[in-house]
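Overview (structure and organization)
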Amino acid sequence: MVGHLVSRVHLLRSKDPDYDVNFSDPALPFSVFVSILAVPPEGYRWRLAEALLHEAGHLQLSLVERFIPLVKEGSTTFYAPWRRKQRPLRGVLHGLYVFGLIAEWMTRSGAPAGRVQRRVTEIRADASQLCEFPETEGLTASGATLARTILARLIPRS
């Protein structure tokens, strides 16, 4: 997926080894900006791979939104657990989408088991705070269906 959506990677020099500055902008399709460290720690390639997938996921969902409305215009906000604050619905849906992609990729990627378990546990804990999100009035029917589908994959009912 990343290879189809990302043709340009712009490197940003990170000053703090614990803080990444990664982003993409729908106005710059097929381009992502990712942090790199002058001296990467062991296992950094997984962190960088996650950042690339995360940003590619944003680009992918932005392309989908050109054809399928997922959020109603003028919609409200919802609590984004990964940011620990209220965010526009589009941002919450994008976050849920990209973290769903990351959780699925990590379980299939061959990443070290401990790292996968920790990261997927973090993602599921955040996603569990979004159980009411698909019922938010500001999502279109397609947006609500997408949110329900991702949550069902992240938080399987026992």
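Use the structure listed above.
Residues numbered from 1 in each chain as written. Predicted model: local features only at pLDDT ≥ 70, side-chain atom pairs only at ≥ 80, totals over all residues. Heavy atoms only, no water.

**Some words on the pattern of salt bridges**
Stated formally: One speaks of a salt bridge when a side-chain nitrogen belonging to Lys or Arg is within 4 Å of a carboxyl oxygen belonging to Asp or Glu.
All chains considered together, the criterion is met by 7 salt bridges. If you follow the salt bridges from partner to partner, you end up with Glu50, Arg119 and Glu122 in one network.

**Quick notes on a nonpolar patch on the surface**
Selection criterion: The patches described consist of residues with a relative accessible area above 30% and no salt bridge, like charges being joined within 9 Å and nonpolar side chains (Val, Leu, Ile, Met, Phe, Trp, Tyr) within 5 Å. Note on areas: these come from Shrake-Rupley sampling with a 1.4 Å probe, and a residue is covered only by the protein chains present in the view. Only DSSP runs of H or I with at least four residues qualify as helices, and only runs of E with at least two residues qualify as strands; both kinds are numbered from the N terminus onward.
A contiguous nonpolar surface patch, about 290 Å² in accessible area, is contributed by Tyr19, Val21 and Phe23. Topologically, Val21 is positioned in the loop between strand 1 (8-13) and strand 2 (23-24).

**Side note on the packing of aromatic side chains**
We apply this condition: Stacked, tilted and edge-to-face are the three classes assigned to paired rings of Phe, Tyr and Trp, where Trp is represented by its six-membered ring and a pair needs centres within 6.5 Å; plane angles under 30 degrees give stacked, over 60 edge-to-face, the rest tilted. Between buried and exposed lies partly exposed: a residue is buried under 20% and exposed over 50% of the maximum accessible area for its type, with that area taken using a 1.4 Å probe on protein chains only.
Counted by the stated rule, this structure contains 4 aromatic pairs. Aromatic pair Trp46 and Trp105: ring centres 5.9 Å apart, planes at 45°, arrangement tilted. Of this pair, Trp46 sits in helix 2 (residues 44-65) while Trp105 sits in helix 3 (residues 89-108), and the two are 59 residues apart along the sequence. Owing to a relative accessible area of 13%, Trp46 belongs among the buried residues under this scheme. Trp105 sits in the partly exposed class, given a relative accessible area of 25%.

**Here we look at the sheet that holds strand 3 (residues 31-36)**
The test is simple: A pair of strands counts as paired when DSSP detects no fewer than two bridges linking them. Should any heavy atoms of two residues lie within 4.5 Å, those residues are counted as being in contact. Between N-to-C directions, angles span 0 to 180 degrees; the directions come from axes that are lines fitted to C-alpha atoms, helices contributing only their stretch in contact.
Taken together, 3 strands build an open sheet; the order of strands is 1-3-2 and the sheet is mixed. Whereas interior strands pair on both sides, the edge strands pair on one side only; in this sheet they are strand 1 and strand 2. Taken strand by strand, helix 2 contacts strand 1, strand 2 and strand 3, and its axis lies near 155° from that of strand 3.

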